[in-house]
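# Fold and geometry: a report
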Amino acid sequence: MRPVIPYVTAALLFGLGVYGVLRRRNAVLVLMAVELMLNAVNLILVTADTTAHAVLPHSGQVFALFVIVLAAAEIGVGLAIVLQLYRLRSTVAVDDVALTEPVVSAQPVGLDAEAGR
């Protein structure tokens, strides 16, 4: 197998992911672009494992499995953050989010307004 084709494909996938992270305004699409970049890294790891025989057998595939687990955890946490952002701001546009502005609710949670405590 010629290793040039998977490397070029991985480079194109990674470039497309970087473009998606830099140009997209929707937070969900930014997370999808990050997944594209992680999949490009997985492709490089598996290709390098099959072409270059390392001291540890199947080490590239094991690292790719760790990257897949990391990507699953990243998507879980990222989607939770995006859902909370949508609940607070009613938007998932990355440009419309002011990170320095504190969120102040009208009434404190857990206190009775009539008692004044």
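Details of the structure are given in the entry above.
First, a word on what this report is: a plain description of the structure on this page. (Residues numbered from 1 in each chain as written. Predicted model: local features only at pLDDT ≥ 70, side-chain atom pairs only at ≥ 80, totals over all residues. Heavy atoms only, no water.)

### Describing the environment of Ile5
- In this fold, Ile5 is placed in helix α1 (residues 4–23).
- For Ile5, a relative accessible area of 58% gives the class exposed. (Helix = DSSP H or I, 4+ residues; strand = E, 2+ residues; numbered from the N terminus. Buried < 20%, exposed > 50% of the residue type's maximum accessible area, 1.4 Å probe, protein only.)

### Concerning helix α3 (residues 59–89)
- For α3, with 31 residues, the first-to-last C-alpha span of 44 Å sits near the 45 Å given by 1.5 Å per residue.
- Three or more residues of α3 are buried, namely Ser59, Gly60, Ala64, Val67, Ala71, Gly78, Val82 and Leu85.
- Packing partners of the buried residues in α3 comprise α2 (27–51).
- Positive backbone phi, at 60 degrees, marks Ser90, one or two positions downstream of α3. (Expected span 1.5 Å × (residues − 1). Contact = heavy atoms within 4.5 Å.)

### Thoughts on a nonpolar patch on the surface
- A cluster of nonpolar residues, Val28, Leu29, Met32 and Leu79, forms a patch on the protein surface that exposes about 310 Å² of accessible area.
- Sort the elements by how many residues they give to the nonpolar patch and α2 lands first, with three residues. (Patch = residues over 30% accessible without salt bridge, like charges linked within 9 Å, V, L, I, M, F, W, Y side chains within 5 Å. Areas by Shrake-Rupley, 256 points an atom, 1.4 Å probe, with all protein chains shown as cover. Salt bridge = Lys/Arg side-chain N within 4 Å of Asp/Glu carboxyl O.)

### So, the packing of α1 against α2
- Their axes nearest at 8 Å, the elements α1 and α2 cross at an angle of 160 degrees. What the angle tells us is that α1 and α2 run roughly antiparallel. Where α1 crosses over α2, the handedness of that crossing is left-handed. Counting all contacts with α1, which are made through Pro6, Tyr7, Thr9, Ala10, Leu13, Phe14, Leu16, Gly17, Val18, Gly20 and Val21, the residues of α2 involved are Val30, Ala33, Val34, Leu36, Met37, Ala40, Val41, Leu43, Ile44, Thr47, Ala48 and Thr51.
- Looking at the contact of α1 with α2 residue by residue, the class counts come to 18 nonpolar, five polar and no charged. (Axes fitted to C-alpha atoms, helices over the stretch in contact; angles between N-to-C directions. Parallel < 35°, antiparallel > 145°, perpendicular 65-115°, else oblique. Left-handed = near helix turned anticlockwise from the far one by under 90°. Nonpolar A, V, L, I, M, F, W, Y, C, P; charged D, E, K, R; others polar.)

### Here's the deal with the environment of Leu45
- Along the chain, Leu45 turns up in helix α2.
- The class for Leu45 is partly exposed, based on a relative accessible area of 23%.
- A sequence separation of 22 residues divides Leu45 from Val67, and the C-alpha atoms of the two residues are 9.8 Å apart.
- For Leu45, the contacting residues outside a window of four places in its chain are Gly60, Phe63, Ala64 and Val67.

### Notes on the packing of α2 against α3
- Taken N-terminus to C-terminus, the directions of α2 and α3 make an angle of 175 degrees; their axes are 8 Å apart at the nearest point. Comparing their axes, α3 and α2 come out roughly antiparallel.
- Looking at the contact of α2 with α3, its residues break down into 15 nonpolar, five polar and three charged.

### Details of unusual backbone geometry
- Located in the positive-phi region is His58, a residue other than glycine, with phi close to 60 degrees.
- Tracing the backbone shows His58 in the loop between α2 and α3.

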